[in-house]
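If you want the building blocks of each chain, they are given just below.
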Amino acid sequence: NQAMHVLGIETTCDETAAAIVAPGEEGRGRILANEILSQIAEHAAYGGVVPEIAARAHVEVLDRLIARALDRAGTKLAQVDGIAVAAGPGLIGGVLIGLVTAKTLSLVARKPLLAVNHLEAHALTARLTDGLAFPYLLLLASGGHTQLVAVKGVGDYVRLGGTVDDAIGEAFDKIAKLLGLGYPGGPEVERLAEGGDPERFSLPRPMLGRREADFSLSGLKTALRIEAERIAPLSNADIADLCASFQAAVVDVVVDRVRVALRAFGAVAGHPTALVAAGGVAANGAIRRALTAQAGEAGLSFVAPPLALCGDNGAMIAWAGLERLRLGLVDDLTASARARWPF
Ligand code: KG4
Ligand code: ZN
């Protein structure tokens, strides 16, 4: 009775990734290979991801990454049980490259195709790493998405709130650009915030106290721009203080919105097993610390993937595919690539 192996392919944004995942102990997954090539260097000069450059870069490396993942896992395409791919949402050129590649492998090797929603894969990562049981409250925050979701089961999600303008990661990226920092902005802003004074600038906390669990980040970004322009030219200390003040405002907003979502959770999903953070922004230490404390006060554990699994990766796609395969939720060659795919 050989363990199920799933190949996962990720090409929706600026990381090209391929991984092999199998079921592990206590409901967790076992990552046998997790290959990733970031295109950050190729996009850095533009201060953001350029879709055409991204698509070309995926084409150039994807076949080699898949071969390397199979190699590292000590397996062959003929031995995997399914081929999972992120079929969206994302930059359509990149999504198409991953999907066409996965369809071809599925056809040639006669393996089931699993067309995975990239957001669902972020949402299920806490099960890959911690074997977490349903239902749980998920804060999904990345460069393109910010949502609070009751995760009730595979394919069973209730959205409790989301952003009405910018995603949290996008806000970090935009203020980084405004302050002349590198791309992606999140890690840079977090690093500089550590040496800054979070109380020097009083920035707004948009949506604080609202009854729905929604976010708004664009007013905060504008307020920061106005402060930066007011005191320009900026010294390094000014930049650190702006980063610290911005991050403190984001943390306050996140904690308040999570509080509202926790209150709404019971009516749609019962008692949560945990508070979970996922997506690139879940790598932020200040946000992780605040959510750990908040979960503790609510009598819940806080679960966030290790840093390597917070950002986009192939293992989360393989795992989501494995979860779907176990339930017989298999796709065929008519699966389409989706730039937008609500979840
Ligand atoms: O999930 P992800 O790798 O890609 C998307 O699907 O968007 O998330 C990338 C986003 C970027 O906006 C990046 O600035 C943000 O996550 N990010 C962070 C941190 N690390 C990455 N934001 C805040 N603090 C961080 N440490
Ligand atoms: Zn992502």
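For every chain, the first residue of its written sequence is number 1, and the numbers climb from 1 along that sequence. Working convention: letters from A go to chains and numbers from 1 go to ligands, in the order in which they are written. Side-chain atom pairs in this predicted model are given and counted only at pLDDT of 80 or more, local residue features only at pLDDT of at least 70, and totals for whole chains, interfaces and linings cover all residues.

1. A short note on unusual backbone geometry
The cut-off we apply is this: Only DSSP runs of H or I covering at least 4 residues are called helices, and only runs of E covering at least 2 are called strands; the numbering of each starts at the N terminus.
Here phenylalanine 134 and proline 135 are connected by a cis peptide whose omega angle stands at -10°. Along the chain, the position of proline 135 falls in the loop between α4 (118–130) and β6 (136–141). The linkage connecting tyrosine 183 with the following residue, proline 184, adopts the cis geometry, with an omega of -5°. Examined against the element boundaries, proline 184 turns out to sit in the loop between α5 (168–178) and α6 (185–193). Although it is not a glycine, arginine 110 sits at a positive phi angle of roughly 55°. Relative to the helices and strands, arginine 110 resides in the loop between α3 (92–109) and β5 (113–117). Its identity as a non-glycine residue notwithstanding, methionine 207 has a phi of 75°, on the positive side. Within the element layout of this structure, methionine 207 appears in the loop between α6 and α7 (218–231).

2. Considering the site of ligand 1
Worth spelling out the cut-off: Defining nearness, a residue is near a molecule or strand when the C-beta atom obtained from its backbone falls within 6 Å of it. Charged means Asp, Glu, Lys or Arg here, nonpolar means Ala, Val, Leu, Ile, Met, Phe, Trp, Tyr, Cys or Pro, and polar covers whatever is left, Gly included.
In the region of ligand 1, 20 residues are neighbours, and Gly143, Gly169, Gly186, Gly280 and Gly311 sit closest. Of all elements in the fold, only α5 and α6 reach the threshold of two or more residues within the shell around ligand 1. Residues that form the shell around ligand 1 fall into these classes: six nonpolar, 10 polar and four charged.

3. Structural notes on the packing of α6 against helix α8 (residues 236–269)
We count it as follows: Only the stretch in contact is used when fitting a helix axis, every axis being a line fitted to C-alpha atoms; angles between N-to-C directions are given from 0 to 180 degrees. In what follows, roughly perpendicular refers to angles from 65 to 115 degrees, roughly parallel to angles under 35, roughly antiparallel to angles over 145, and oblique to any angle outside these ranges. Two residues qualify as a contact pair if the distance between their C-beta atoms, derived from the backbone, is within 7 Å.
Relative orientation of the contacting elements α6 and α8 amounts to 110°, with a least axis distance of 7 Å. Between α6 and α8, the angle is such that the two are roughly perpendicular. On α8, the residues that touch Val189, Glu190, Leu192 and Ala193 of α6 are Ile239, Ala240, Cys243, Ala244, Phe246 and Gln247. Taken together, the residues of the contact of α6 with α8 sort by class into eight nonpolar, one polar and one charged.

4. Re α3
Because an α-helix packs 3.6 residues into every turn, residues spaced three or four apart end up facing the same way. Applied cut-off: One less than the residue count of a helix, multiplied by 1.5 Å, gives the span that helix is expected to have. For the exposure call, what matters is how many other C-beta atoms sit within 10 Å of a residue's own: 20 or more marks it buried, 12 or fewer exposed, and in between partly exposed, using C-beta atoms placed from the backbone.
With 18 residues, α3 should cover 26 Å at 1.5 Å per step; its first-to-last C-alpha distance of 25 Å lies within 8% of that length. Within α3, the full set of buried residues consists of Gly94, Val95, Ile97, Gly98, Leu99, Thr101, Ala102, Lys103, Leu105 and Ser106. Contact partners of the buried residues in α3: β1 (6–10), α2 (51–72), β4 (82–88) and β5. One or two steps after α3, the chain reaches arginine 110, where phi turns positive at roughly 55°.

5. Things to note about α5
Counted residue by residue, α5 has eight buried out of 11 residues, so it is predominantly covered. Of the residues making up α5, those classed as buried are Ile168, Gly169, Glu170, Ala171, Phe172, Asp173, Ile175 and Ala176. Where α5 is buried, its residues meet β6, β7 (146–153), α6, α7 and α8. Where α5 terminates, the next one or two residues include glycine 180, which has phi positive at roughly 75°.

6. Some points on the pairing of strand β3 (residues 29–38)
Basically, it comes down to this: Two strands pair if DSSP finds at least two bridges between them.
Two strands pair when backbone bridges link them, and strand β2 (residues 15–23) and β3 are joined in this way by nine bridges, in the antiparallel orientation. Considered in β3, the bridge of glutamate 15 is made with serine 38. Hairpin connection, β2 to β3: the antiparallel pair is bridged by five residues, and glutamate 26 has positive phi, about 50°.

7. Re the sheet that holds strand β10 (residues 301–303)
Taken together, the five strands give an open sheet; going across it, the order is β8-β7-β6-β9-β10, and neighbouring strands pair in mixed fashion. Across the chains shown, the open sheet's two edge strands, defined by having one partner strand only, are β8 (156–162) and β10. Going across the sheet, the axis of each strand differs from the next one's by a mean of 25°, ignoring polarity. Of the pairings in the sheet, the one linking β6 to β7 comprises six bridges and is antiparallel in character. Residue pairing for β7: leucine 138 is matched across the bridge by valine 149.

8. A few points about the domain arrangement of the protein
Note the cut-off: Where a domain begins and ends is set by an automatic assignment or by a domain database.
Each domain of the protein was delimited in the assignment, giving domain 1 (6–125 + 312–326) and domain 2 (134–272). For domain 1 versus domain 2, the distance between C-alpha centres works out to 28 Å. In this assembly, 10 residues from domain 1 lie in contact with 13 residues from domain 2. Listed by contribution, the elements that provide at least two residues to the side of domain 1 that touches domain 2 are α1 (40–44), α4 and α11 (314–326). A breakdown of the residues in the side of domain 1 that touches domain 2 according to their chemical character gives four nonpolar, four polar and two charged.

9. Considering the sheet that holds β2
Each strand in a sheet pairs with another by means of backbone hydrogen bonds, the pair being arranged parallel or else antiparallel. Spatial ordering of the open sheet is given by β3-β2-β1-β4-β5, a layout of five strands whose pairing is mixed. Where the open sheet ends on each side, the last strands, each with one partner, are β3 and β5. Each strand axis lies, on average, 20° off the axis of its neighbour in the sheet, ignoring direction. With five bridges connecting them, β1 and β2 associate as antiparallel partners. The residue bridging leucine 7 from the neighbouring strand is isoleucine 20, located in β2. On the sheet, α4 packs against β2, β3, β4 and β5 and is oriented at approximately 95° with respect to β5.

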